[in-house]
Amino acid sequence: MNFHTGEPTHIEDYLVTVRKGCWFGWTDSKNKIYENLIVHDGGIKPTKEEVEAGYKAMCDKWTAESYARSRQEEYPLWSEQLDYIYHNGVEKWKTDMIDPIKAKYPKPS
Amino acid sequence: MAIYFNEGTSPGAYWDAPLAEGWRVTSSFSGDAHPVLNWEKQDDVHGSGTTGGPILTYSNGVFTFAKTAYYLVTWTHYAYWTSNSRINEMYLHVSWNSGYNYDPHGYSTSHITIGESGNNTAGGTCSSIVTGTPNTRLRWQVNVTNNSVITGASTNEQITGFTIAKVAGI
């Protein structure tokens, strides 16, 4: 995973969501493929299909939410928005500050 | 690469011993862990102590000293998540009787407060002096108040892990 952005980059990003703690490891930590996945806690090892599907779902979710991340990066600071509301009102805040960004990064239908 | 300390005027048993090592957790995990597993010795080209035998040996979350001395242990816990976590701690537990009993010896602590979208990271660091003997054991514990918090780890970089260096002979 990209620690800064949260973008999933490896099946390990899915595995950490399956159970808590150090429940899994790798027979070869330099080659983290499903075939090298081992279970430490005596629990069930997820199937390769489950792992691949779980990881794909995380990646799809990440991609689907890109519009929201883009919007958040472009919204002005809260202090600027509150100042704008104070001087211009909520409707102007919506039309001048928020709506253009929402239109620039539309939510996928 | 090993780091060597001059033992003074008379080179002794530790003259050629590797006197510093780096260890790291190779796999990320969520929530608490006790003990923390999946450790490996730092194996980057720029360094880990291997010449002359190791300082520590490792098995199933437990470290055993191969060289008797006083050591400085410094560890770092890299935690991240998308929501708040008041406390993220990484404990060093030390056993003086070959692993029958352990005492908490020190802990790093940090907290995560949501600032921006995506992940918010927190790092905790702590140092402690440990008397390493054949009966000494070390292991680590992670405790987080938000059980979804992920402890970041990697086999390519020192993300969560520790360094250990000899500071004096016994």
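Residues numbered from 1 in each chain as written. Chains lettered and ligands numbered in written order. Predicted model: local features only at pLDDT ≥ 70, side-chain atom pairs only at ≥ 80, totals over all residues. Heavy atoms only, no water.

1. With respect to the overall build of chain A
The helix and strand tally for chain A stands at 5 helices and 2 strands. From first element to last, N terminus to C terminus, chain A shows the α and β order α-β-β-α-α-α-α. Here the C-alpha atoms of chain A give a radius of gyration of 21 Å, more than 25% beyond the 13 Å that 2.2 N^0.38 yields for 109 residues. Dimensions of chain A, computed from C-alpha atoms along their principal axes, come out at roughly 60 × 25 × 25 Å. (Helix = DSSP H or I, 4+ residues; strand = E, 2+ residues; numbered from the N terminus. Rg over C-alpha atoms; globule rule 2.2 N^0.38 Å.)

2. Topic: the packing of helix 4 (residues 78-88) of chain A against helix 5 (residues 90-104) of chain A
All names here are of chain A. The contact between helix 4 and helix 5 brings their axes to 7 Å, and the two run at 135°. By the angle class used here, helix 4 and helix 5 are oblique. Crossing of helix 4 against helix 5: the hand is right-handed. Here Glu80, Gln81, Tyr84, Ile85 and Asn88 of helix 4 come into contact with helix 5, specifically with Val90, Lys92, Trp93, Asp96, Met97 and Ile98. (Axes fitted to C-alpha atoms, helices over the stretch in contact; angles between N-to-C directions. Parallel < 35°, antiparallel > 145°, perpendicular 65-115°, else oblique. Left-handed = near helix turned anticlockwise from the far one by under 90°. Contact = heavy atoms within 4.5 Å.)

3. What to know about the interface of chain A and chain B
At the interface, 20 residues of chain A touch 28 residues of chain B. Buried surface at the junction of chain A and chain B, summed over both partners, amounts to about 1800 Å²; 51% is from carbon and sulfur atoms. Where the side of chain A that touches chain B is concerned, the elements lending two or more residues are helix 1 (11-18) and strand 1 (24-26) of chain A. Sorting elements by how many residues they give to the side of chain A that touches chain B places strand 1 of chain A first, with 3 residues. Looking at the side of chain A that touches chain B residue by residue, the classes come out as 6 nonpolar, 9 polar and 5 charged. (Buried area = accessible area lost by both parts, 1.4 Å probe. Nonpolar A, V, L, I, M, F, W, Y, C, P; charged D, E, K, R; others polar.)

4. Details of a nonpolar patch on the surface
On the surface, Tyr70(B), Leu72(B), Ile129(B), Val167(B) and Ile170(B) cluster together into a nonpolar patch covering about 440 Å² of accessible area. When you line up the elements, Leu72(B) lands in strand 6 (residues 69-81). (Patch = residues over 30% accessible without salt bridge, like charges linked within 9 Å, V, L, I, M, F, W, Y side chains within 5 Å. Areas by Shrake-Rupley, 256 points an atom, 1.4 Å probe, with all protein chains shown as cover. Salt bridge = Lys/Arg side-chain N within 4 Å of Asp/Glu carboxyl O.)

5. Topic: the packing of aromatic side chains
Across all of its chains, the model carries 18 aromatic pairs over all chains by this definition. Put simply, the rings of Trp23(B), Trp39(B), Tyr58(B), Phe63(B), Trp75(B), Trp140(B) and Phe162(B) touch in pairs and so form one group of aromatic residues. (Phe/Tyr/Trp six-rings, centres within 6.5 Å; stacked < 30°, edge-to-face > 60°.)

6. Some details on the nonpolar core
Proteins that are soluble and globular tend to have nonpolar side chains buried together. Counting 32 residues, the largest nonpolar core has Val36(B), Trp39(B), Leu56(B), Leu138(B), Trp140(B) and Phe162(B) as its most contacted members. Those elements giving two or more residues to this core turn out to be strand 1 (20-25), strand 5 (62-65), strand 6, strand 7 (85-95), strand 9 (120-132), strand 10 (137-144) and strand 12 (161-168) of chain B. Ranked by the residues each element gives to this core, the list is headed by strand 6 of chain B, at 5 residues. Those residues in contact with Phe162(B) that lie beyond four places of it in its chain are Glu21(B), Gly22(B), Trp23(B), Trp39(B), Leu56(B), Phe63(B), Val73(B), Thr74(B), Trp75(B) and Trp140(B). Formed by 15 residues, the second largest nonpolar core is a distinct cluster that contains Phe3(A), Ile11(A), Val16(A) and Val51(A). (Core = buried A, V, L, I, M, F, W, Y, C linked by side-chain atoms within 4.5 Å. Buried < 20%, exposed > 50% of the residue type's maximum accessible area, 1.4 Å probe, protein only.)

7. Details of unusual backbone geometry
All names here are of chain B. Here the bond from histidine 34 into proline 35 is cis, since omega is 0°, no more than 30 degrees from zero. Here proline 35 lies in the loop between strand 2 (29-30) and strand 3 (39-41). With phi around 65°, asparagine 38 is a residue other than glycine that occupies positive phi space. Within the secondary structure, asparagine 38 sits in the loop between strand 2 and strand 3.

8. Notes on the packing of helix 1 of chain A against helix 2 (residues 48-64) of chain A
All names here are of chain A. Helix 2 packs onto helix 1 with a crossing angle of 100° between their chain directions and a minimal axis gap of 8 Å. The angle between helix 1 and helix 2 falls in the class roughly perpendicular. Residues Ile11, Asp13, Tyr14 and Leu15 of helix 1 pack against Glu50, Val51, Gly54, Tyr55 and Met58 of helix 2. Residue composition of the contact of helix 1 with helix 2, grouped by class: 6 nonpolar, 1 polar and 2 charged.

9. Side note on the pairing of strand 10 of chain B
Residue and element names in this part refer to chain B. Within strand 10, 6 of the 8 residues are buried, leaving the element largely enclosed by the surrounding structure. As judged from the 2 bridges shared by strand 5 and strand 10, these two strands associate in the antiparallel manner. Looking at strand 10, one finds that phenylalanine 63 is bridged to leucine 138. Taken together, the 8 bridges between strand 7 and strand 10 define a ladder with antiparallel strand orientation. Each residue of the ladder has a partner; that of tyrosine 91, found in strand 10, is glutamine 141. (Pairing = 2+ DSSP bridges.)

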